[in-house]
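Spelled out from the first residue to the last, the chains are:
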Amino acid sequence: MLGPSAHVDTFARENLPDAKLMPEFRLDGFDYPAHVNVAVELTDRMVEKGFGDHTALIGNGRRRTYKELADWTNRIAHVLVEDHGIVPGNRVLIRSANNPAMVACWLAATKAGAVVVNTMPMLRAAELTRIVDKAEVKLALCDTRLMDELVSTAKSGRFLERVIGFDGTANHDAELDRAALNKPVRFQSVATGRDDVCLLGFTSGTTGDPKATMHFHRDLLIIADGYAGEVLGVTPDDVFVGSPPLAFTFGLGGLAVFPLRFGADATLLENASPPNMIEIIENYRATVCFTAPTAYRAMLAAMAEGADLSSLRVAVSAGETLPAPVYADWVRKTGKPILDGIGTTEMLHIFISNRLDDHAPGRTGKPVRGYEAKVVDDDMNELAPGEIGRLAVRGPTGCRYLADARQASYVTDGWNVTGDSFTRDDEGYFHFAARNDDMIISGGYNIAGPEVEAALMSHADVFECAVVGAPDEARGHIVQAHVVLKEGVAANDETVKRLQDHVKNTIAPYKYPRAILFTDTLPKTQTGKIQRFRLRES
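Keep in mind it's a predicted model, so treat the numbers as computed, not measured.

**Examining the sheet that holds strand S15 (residues 366-367)**
Here we have nine strands laid out as an open sheet, ordered S2-S1-S10-S9-S11-S12-S13-S14-S15, and mixed in their pairing. At either end of the open sheet lies a strand with only one pairing partner, and these are strand S2 (62-65) and S15. In this structure, strand S11 (residues 288-291) lies alongside strand S12 (residues 314-317), joined through four bridges in parallel fashion. Residue pairing in the sheet places Val288 in a bridge with Val314 of S12. Across the sheet, helix H9 (residues 217-231) is in contact with S11, S12, strand S13 (338-343) and strand S14 (350-353); its angle to S14 comes to roughly 30°. Against the sheet, helix H10 (residues 249-261) touches strand S1 (55-59), strand S9 (239-242), strand S10 (265-267), S11 and S14, its axis set at about 170° to S9.

Below is the structure:
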């Protein structure tokens, strides 16, 4: 039974899954008022608790205190409501790299009662259009350095009416910033219901057709109070650093929600390469790091050259399974834990994890407080320890797709079935086995093979193609394309580069095939279906 709603625009609640398709939510121990606004809890409430002069955000060469962040977000909220007519429940899209301004825009829109859609700067107009249309977004806030693709979306799409620029640097010199300077630092935030949707997290799935995962105000508090509070033991003395985009729920939690919930510092990097993260760790004595195994490999190599990572008390690894050798090297060289875990966009954040005092190589760990998990067969029968099966989980967060028939595939008998294959040992620890769909996980990014195939097929030189994930030591997997060229096209390095550049210009560049193999034919069934498993085997 959903609690009261403050939404005037009821689009989100009307498009929640039918009650019979919802997972079972277990909320014992996560008690919040009927009306709560997560953005207020992370800013104004922290000032009231005495953190006003404590650093909240570090980025673009400057620090911002909790009081400055509260004032900044209140000014922007005034602009959204008074100048642009935002009412509770409206969707607001944000396009930016990781910087303090993006966090401020997200918090401000949430204070105004909006449902926020955070997007990555690498997305192209075609991808943004699918997101805008699915969420029926009318207003977007965009870093002025990234306007082109979003303006194209507004011109060709059905819903997007306004794109307001903000300054992602420290200069505050853009339309939104100038308007905010004339607004009061106090704002009467919307008293949203704890069961009001505040965030739409988009995930592409295996087809490239985006799914919008719907998260409530209470959900964002739950992941902080559960995982961050109890697994990581976050305190106001912590300084967070990491690489995942804020547009991913993994990044939003690890680099914004978690530190702000506990009065800690969040450092934000637009280019979170391992060398840049190392510089932040050394300069600001960062204590908690969120990134993928690929980056930890690079950081270990840098330690051999003299990099000082001694301030880190814990490293969190997610996005792809943590290889045992990386775990062993990290623990040996740093003497500190590196925690593997699993989370999904549908569940919002990590729900199974190792612990600071209980971690080991090659295992994902045990459920976070409030969650329970099991390994099941196709009929939802729990399997014995050691048997590989599908991972099913339930707890205080869960899958709610926005108006999407795929809800019925993700949720079975009240359990979230994540699409991962796992085993459970005799002691109750879970171990990752494999993905059981066609998603390619490369360097922490989820890439839908069919979407890359569509981009390749749009090139005049390509007759047909198939995309699979190929094992790669550095990235876990890479996107590998098997391409049949049209007659007369040379199968050489120039053609490889031409096709790679085409994909980069068609969809987000990180999705491009790092390996292209030319072939005369693709393996197919008698009915003409491409046998991708044979390509993987080869």
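**Focus: the pairing of S1**
Burial runs high along S1: five of the five residues are buried. Sheet analysis places S1 next to S2, joined by four bridges and oriented antiparallel. Note on S2: the bridge partner recorded for Leu57 is Arg64. In this structure, the hairpin formed by S1 and S2 is closed by a connection of two residues, where Asn60 is found at a positive phi of approximately 55°. Of the strand pairs in this sheet, S1 and S10 are connected by two bridges, and their pairing is parallel.

**Here we look at the packing of aromatic side chains**
Summed over all chains, the structure comprises 11 aromatic pairs. Taken together, Tyr227, Phe240, Phe250, Phe258 and Phe290 form an aromatic cluster joined through their ring pairs. One cation-aromatic arrangement involves Arg363 over Tyr429; the distance from NZ or CZ to the ring centre is 3.7 Å. Sitting above the plane of the Tyr429 ring, Lys366 keeps its charged end 4.4 Å from the centroid.

**A short note on helix H13 (residues 324-334)**
Residue pairs spaced three or four apart in an α-helix point in one direction, given the helix's 3.6 residues per turn. Buried within H13 we find Val326, Tyr327 and Trp330. With its buried residues spanning 100° around the axis, H13 presents them on a single face. Of the exposed residues in H13, the ones pointing more than 90 degrees away from its buried face are Pro325 and Arg332.

**What to know about the environment of Ser152**
Its place among the elements puts Ser152 in helix H7 (residues 147-156). Taking C-alpha positions, Ser152 is 9.3 Å from Arg124, a pair spaced 28 residues apart along the chain.

**What about the sheet that holds strand S25 (residues 515-518)?**
Taken in spatial order, the three strands make up an open sheet running S23-S24-S25, and their pairing is mixed. In the strand order of this sheet, the two ends are held by strand S23 (462-472) and S25, each with one partner. Strand-to-strand twist across the sheet, computed as the mean angle between neighbouring axes with direction ignored, equals 25°. The pairing of S23 with strand S24 (residues 476-485) spans 10 bridges and is classified as antiparallel. In the sheet register, Ala466 faces S24, and the bridge partner there is His482.

About the cut-offs
- Residues numbered from 1 in each chain as written.
- Predicted model: local features only at pLDDT ≥ 70, side-chain atom pairs only at ≥ 80, totals over all residues.
- Heavy atoms only, no water.
- Pairing = 2+ DSSP bridges.
- Helix = DSSP H or I, 4+ residues; strand = E, 2+ residues; numbered from the N terminus.
- Contact = heavy atoms within 4.5 Å.
- Axes fitted to C-alpha atoms, helices over the stretch in contact; angles between N-to-C directions.
- Buried < 20%, exposed > 50% of the residue type's maximum accessible area, 1.4 Å probe, protein only.
- Phe/Tyr/Trp six-rings, centres within 6.5 Å; stacked < 30°, edge-to-face > 60°.
- Lys NZ or Arg CZ within 6 Å of the ring centre and 35° of its normal.
- Arc of directions from axis to C-beta.

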